[in-house]
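Remarks on the overall topology
These are the residues of each chain, in order.
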Amino acid sequence: MSLYNNLWGVPVYKENVDYTYNTFDKDVQDFVDKYIENTKPMIGSKGVQVFVDRGRFLENPKLEKIKDLINQHAQIFKDRIMACTNELQLTESWLTVNHKDDSHFIHKHACTIFSVCYYPKAESGSLVLKAPDEKNIFQRDYYFPFSYSETNKWNAVVWEIPVLSGDIIIFPGWVNHFTTPNESDTTRLMIAANYWLKGSGHLGANSIEF
Ligand SMILES: [Fe+2]
């Protein structure tokens, strides 16, 4: 039974690292804090503050260590899961801020092979992935009105991945995703990056869909 469990599966990678907002150098904390300073909770609007800086958030030299960390996990995903020998490059990066009760609405990332989502600060909530066309594998051709005895990875249409500080999650760019509200008083931070083939026909920056 287990031999073919991952046949045509969607690869989703999750790892937790010790490097979090609390262990950032002071100048990095100050840099990130400046982005948060002028934001307010978006109560009732399921909001998210996204700082793109033309998709080049991680290009600031102060964030070099974070960029290296994200690149390192992207490399693991490429080498061990895709087993792809092509070179990939980081094409866009950005910061999202979820104050208490804020969440990130459903979206996907255009022109992206895979995305890395790194949570330097998160005490509440989940990243939720949604199946293509909102159908599980048994509904591919028809919307069968099945009932299920349990939710599992074969019949689920959405899959919640709880996030905490230090979590890194990687998934293909075409996967629809959103977050559940941040129920903590501590603001949730996420830094993300998209990847594409190196030197190969990327459609340009600002291809992130919000
Ligand atoms: Fe996203």
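Shown above is the structure to which this text applies.
Because the structure is a prediction, the values reported are computed rather than measured. Just so you know, the residues in each chain are numbered from 1, in the order the chain's sequence is written. pLDDT decides what is reported in this predicted model: residues at 70 or higher carry local features, side-chain atom pairs at 80 or more are listed and counted, and totals for whole chains, interfaces and linings draw on all residues regardless.

**Notes on the overall build of the protein**
- A count of helices and strands for the protein gives two helices and nine strands.
- Numbering goes from the N terminus for both helices and strands, where a helix is a DSSP run of H or I of at least four residues and a strand is a run of E of at least two. Ordered by position from the N terminus, the helices and strands of the protein form the series β-α-β-α-β-β-β-β-β-β-β.
- Whether a residue is buried, exposed or partly exposed follows from its count of other C-beta atoms within 10 Å of its own C-beta, namely 20 or more, 12 or fewer, or something in between, respectively; the C-beta atoms are built from the backbone. Residue burial in the protein is summarised as follows: out of 210 residues, 28% are buried.

**Some remarks on the environment of Leu58**
- Tracing the backbone shows Leu58 in the loop between strand S2 (49-51) and helix H2 (64-82).
- If near-sequence neighbours (up to four positions away) are discounted, Leu58 is found in contact with Leu63, Ile66, Lys67, Ser93 and Ala193. Working definition of a contact: two residues with C-beta atoms, positioned from the backbone, lying within 7 Å.

**Re the nonpolar core**
- Core analysis: the largest hydrophobic core is formed by 32 residues, its most contacted members being Val116, Cys117, Tyr118, Ile170 and Ala192.
- Of all the elements in the fold, those that place two or more residues in this core are H2, strand S3 (88-98), strand S4 (114-121), strand S5 (126-130), strand S7 (167-172) and strand S9 (188-197). Defined on buried residues, the nonpolar core groups Ala, Val, Leu, Ile, Met, Phe, Trp, Tyr and Cys residues joined through C-beta atoms within 7 Å.

**Description of H2**
- Take the residue count of a helix, subtract one, and multiply by 1.5 Å to get its expected span. For H2, built from 19 residues, the straight-helix expectation of 27 Å at 1.5 Å per residue is met to within 8% by its first-to-last C-alpha distance of 25 Å.
- Among the residues of H2, Ile66, Ile70, Ala74 and Phe77 are the ones counted as buried. Buried residues of H2, seen end-on, are gathered within an arc of 65° and therefore sit on one face of the element. Exposed positions of H2 whose direction lies more than 90 degrees from the buried face are Glu64, Lys65, Asp68, Gln72, Gln75, Asp79 and Arg80.
- Where H2 is buried, its residues touch strand S1 (13-16), S3, S4, S7 and S9.
- In the segment just after H2, Ala83 is the residue with positive phi, at about 50°. Throughout, the arc means the angular range of directions from the helix axis out to the C-beta atoms.

**Observations regarding unusual backbone geometry**
- One non-glycine residue with positive phi stands out, namely Ala83, at about 50°.
- Checked against the element boundaries, Ala83 lands in the loop between H2 and S3.
- Judged by C-beta crowding, with 7 C-beta atoms within 10 Å, Ala83 ranks as exposed.
- Unusually for a residue other than glycine, Glu134 sits at a positive phi of about 60°.
- Topologically, Glu134 is positioned in the loop between S5 and strand S6 (158-162).

**Section: the sheet that holds S5**
- Two strands pair under a simple rule: DSSP has to find at least two bridges between them. With respect to topology, three strands assemble into an open sheet ordered S6-S5-S8, the strand pairing being antiparallel. Two strands close off the open sheet at either side, each with one partner strand: S6 and strand S8 (176-179). Along the sheet, successive strands turn relative to each other by an average axial angle of 25°, direction set aside.
- Bridge analysis of S5 against S6 gives five bridges, and the strand direction is antiparallel. Bridging across to S6, Ser126 finds its partner in Pro162. In this analysis an axis means a line fitted to C-alpha atoms, helices contributing only their contacting stretch, and an angle means the value between N-to-C directions, from 0 to 180 degrees.

**Looking at the sheet that holds S2**
- Reading across from one edge, S1-S7-S4-S9-S3-S2 is the order of the six strands in this open sheet, with antiparallel pairing throughout. Two strands lie at the open edges of the sheet, namely S1 and S2, each paired on one side alone. Strand-to-strand twist across the sheet, computed as the mean angle between neighbouring axes with direction ignored, equals 20°.
- Pairing between S4 and S7: six bridges, direction antiparallel.

**Considerations on helix H1 (residues 26-37)**
- The end-to-end C-alpha separation of H1 is 16 Å, in line with the 16 Å expected for 12 residues at 1.5 Å each.
- Counting buried positions along H1 yields one of 12 residues, so the element is predominantly exposed.

**Points about the pairing of S8**
- By the alternation rule, side chains of S8 split into His177 and Thr179, which are all buried, and Asn176 and Phe178, of which none is buried.
- As paired strands, S5 and S8 are joined by four bridges and run antiparallel to one another. Residue Leu129 lies in a different strand from S8, and its bridge partner there is His177.

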